[in-house]
Amino acid sequence: MTSYSPVVLQQTLNKPPKAQEVALRWDTVSADRYTDADYLRREFQNVWHKVWNIGGVAYQMPEPGDYLTAEIGVDSVIMVRQDDGSVKALFNSCPHRGTRITEATDGHAQQFSCPYHGWEFNRQGVVTRVPDEEDFSHSPCGTARLKEMRCEERFGLIWFNFDDNALPLAEFLGATIVQELESHRIEEMLRVLDMTAETKCNWKIITDNFNEAYHVKVLHPELVPYIAADYQDCQFDTFPNGHNRGWFPSFMPSKQYASDIIGEPLKSMAAMWELNSDDYVGRENWQQLRVDVQKAKREQGPAKGYTHYTYRSDYQLTDYVIYNLFPSNVITVGPDGVQLLRSRPHPTDPAQCLFDHWWLVNEVEGQTTTPSPAGGPDLAVEDAMHEHVRYGEKTLGTTADQDLSIAEMQQQGLASAGFQGYWLPDQERRVQAFHEYLNDLMSR
Ligand code: FES
Ligand SMILES: [Fe+2]
């Protein structure tokens, strides 16, 4: 584990500092990346086996021997806490004849044992015992092992990378993203939602969706009264290595909001901080409401149990920031928690993927439920059980459902002979930057 101390961003910062953006080439975004099985196969080699993937939440494996598993395409990874407190990530493929040695999503192991012929492994993945050891010309004991990969624990998450030559995670992410993610102290949060949905679209359709906010006023009109998601109010930054960031001021309506009078849910959100939204009539006063909420949260937050407000910068008390970490780890941070909204590729079918939705919250004294991150009923403040569903069987949260409602239609349209390539406005430049970085990796 890399050691670091949480960084407190300058408290008076009222938006993330603008980053120097990457230069775009305006490459053509071809359809085959969404539809072609051979492209998907090469993507595993050139992308998924080269990048840092999130394997799980660290608090779920506190003790030596605790383990979690994660899947990317055909590969399964076992992350196991070592006796010295570090974490190792091991391929879940037996060195005898390849069988997965566990199908559990988590557990505790003194040792691992392959269910086929009974080879045993210690927590480092080294073979310790095999049946009929005398029958081998060279004993595998002490020598054969589950193949190990790079692993880091950071921001309360376990990360793995198949590539032995990959940059360390912090270098891959870059200093700005590292500092800002550290400032949220995700390692102190509790995961209250953990869902995976089988979805009928390529994984990049979901990533593209989170790389732009152009669709918000059309697909998510219920956000207009309290999140200023119009591009003229937001800030979008592209970073090296394919990552980007979007900043969305909240506690103020979006430009599309039709009335001068602030309505629900913002009226109640303001009232919670003893502010009367009727004192902020007219759009020239909306910014002031947001600033006054920040002040009120700063003053009243700790006494109301929101102790995490003490280390937040001003904008972090009201706004949403989306960190899109290449290729598809979308981390959305809000005043009271973070969401992971992530797609993972299907092993063989480019027209399917898995969509993961996690919600990790700061615990507030006395609160037993917390609003769902994207609409729907409140959630219990307790460690969530993992749920695996097919898209449509169960809600993933209102906003995520709305996003996915369009995904299959886009997959179908992209496969059409009539698809002519993308025609993007500047506010969708994060989509373009993503595909250009993808092109760079795919052409290696
Ligand atoms: S495949 Fe694992 S012990 Fe044979
Ligand atoms: Fe959306």
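No experiment lies behind these values; they were computed from the predicted model shown.

## Some remarks on the side chain of T69
Logical step 1: Within the secondary structure, T69 is located in strand β2 (residues 66-72).
Logical step 2: For T69, a relative accessible area of 18% gives the class buried.
Logical step 3: With near-sequence residues (within four places) excluded, T69 lies in contact with G55, V77, I78, M79, T102, A104 and T105.

## Quick look at a negative patch on the surface
Logical step 1: Together, D132, E133, E134 and D135 give the surface a local cluster of negative charge.
Logical step 2: Within the secondary structure, D132 sits in the loop between β8 (127-129) and β9 (148-154).

## Section: the pattern of salt bridges
Side-chain pairing between opposite charges can occur once the charged atoms of the two side chains come close.
Logical step 1: Tallying each qualifying case throughout the model produces 31 salt bridges.
Logical step 2: Put simply, D38 and R42 hold a salt bridge, and the shortest N to O gap is 3.6 Å. You can see D38 and its partner R42 sitting in helix α2 (residues 37-48), four residues apart, about one turn around the helix.
Logical step 3: On the basis of relative accessible area, D38 is assigned to the partly exposed category, the value being 35%.
Logical step 4: Through salt bridges that share partners, K18, E21, E180, D237, R245, D426 and R429 make up one connected network.

## A look at the domain arrangement of the chain
Logical step 1: Here the chain is described as being made up of domain 1 (32-52 + 166-442) and domain 2 (60-153).
Logical step 2: When each unit is reduced to the centre of its C-alpha atoms, the spacing between domain 1 and domain 2 is 35 Å.
Logical step 3: Counting residues at the interface gives 13 residues for domain 1 and nine residues for domain 2.
Logical step 4: Across the domain 1/domain 2 interface, buried area totals approximately 900 Å², and carbon plus sulfur atoms make up 52% of it.
Logical step 5: In terms of surface lost to domain 2, no three residues of domain 1 exceed W52, R344 and P347, which account for 41% of the buried area on that side.
Logical step 6: Across the domain 1-domain 2 interface, the total number found is zero salt bridges.
Logical step 7: At the junction of domain 1 and domain 2, the tally comes to six residue pairs in polar contact (both at pLDDT 80 or more).
Logical step 8: The set of elements that each furnish at least two residues to the side of domain 1 that touches domain 2 consists of α2 and β16 (337-345).
Logical step 9: Along the lines of polarity and charge, the residues of the side of domain 1 that touches domain 2 split into nine nonpolar, one polar and three charged.

## Concerning the pairing of strand β4 (residues 87-91)
Logical step 1: Most of β4 sits inside the fold, with four of its five residues counted as buried.
Logical step 2: Relative to β4, strand β3 (residues 75-81) runs antiparallel, the two sharing five bridges. Note that in β4 the partner of V77 across the bridge is F91.
Logical step 3: The pairing of β4 with β9 spans two bridges and is antiparallel. Along β9, the bridge assignment pairs A89 with M149.

## Focus: the packing of aromatic side chains
Logical step 1: Applying the stated rule across the entire model yields 17 aromatic pairs.
Logical step 2: Their ring planes at 65° and their centres at 5.1 Å tell us that Y67 and F112 sit as a pair that is edge-to-face. Here Y67 is found in strand β2, whereas its partner F112 is found in strand β6 (residues 112-113), with 45 residues between them in sequence. Note on accessibility: Y67 and F112 belong to one class, buried.
Logical step 3: Where F326 meets F434, the ring centres are 5.3 Å apart and the plane angle is 40°; that geometry is what we call tilted. On the criterion of sequence distance, the pair formed by F326 in the loop between β14 (320-325) and β15 (329-334) and F434 in helix α10 (residues 429-442) is long-range, its members being 108 residues apart. F434 carries the same exposure label as F326, and that label is buried.
Logical step 4: An aromatic cluster is present here, built from W48, W203, F326, F434 and Y437 joined pairwise through their rings.

Reading guide: rules and limits
- Residues numbered from 1 in each chain as written.
- Chains lettered and ligands numbered in written order.
- Predicted model: local features only at pLDDT ≥ 70, side-chain atom pairs only at ≥ 80, totals over all residues.
- Heavy atoms only, no water.
- Helix = DSSP H or I, 4+ residues; strand = E, 2+ residues; numbered from the N terminus.
- Buried < 20%, exposed > 50% of the residue type's maximum accessible area, 1.4 Å probe, protein only.
- Contact = heavy atoms within 4.5 Å.
- Patch = residues over 30% accessible without salt bridge, like charges linked within 9 Å, V, L, I, M, F, W, Y side chains within 5 Å.
- Areas by Shrake-Rupley, 256 points an atom, 1.4 Å probe, with all protein chains shown as cover.
- Salt bridge = Lys/Arg side-chain N within 4 Å of Asp/Glu carboxyl O.
- Lys, Arg positive; Asp, Glu negative; His and termini not counted.
- Charge placed at Lys NZ, Arg CZ, Asp CG, Glu CD.
- Domains from an automatic or database assignment.
- Buried area = accessible area lost by both parts, 1.4 Å probe.
- Polar contact = N/O pair within 3.5 Å; in protein donor to acceptor, adjacent residues only side chain to side chain.
- Nonpolar A, V, L, I, M, F, W, Y, C, P; charged D, E, K, R; others polar.
- Pairing = 2+ DSSP bridges.
- Phe/Tyr/Trp six-rings, centres within 6.5 Å; stacked < 30°, edge-to-face > 60°.

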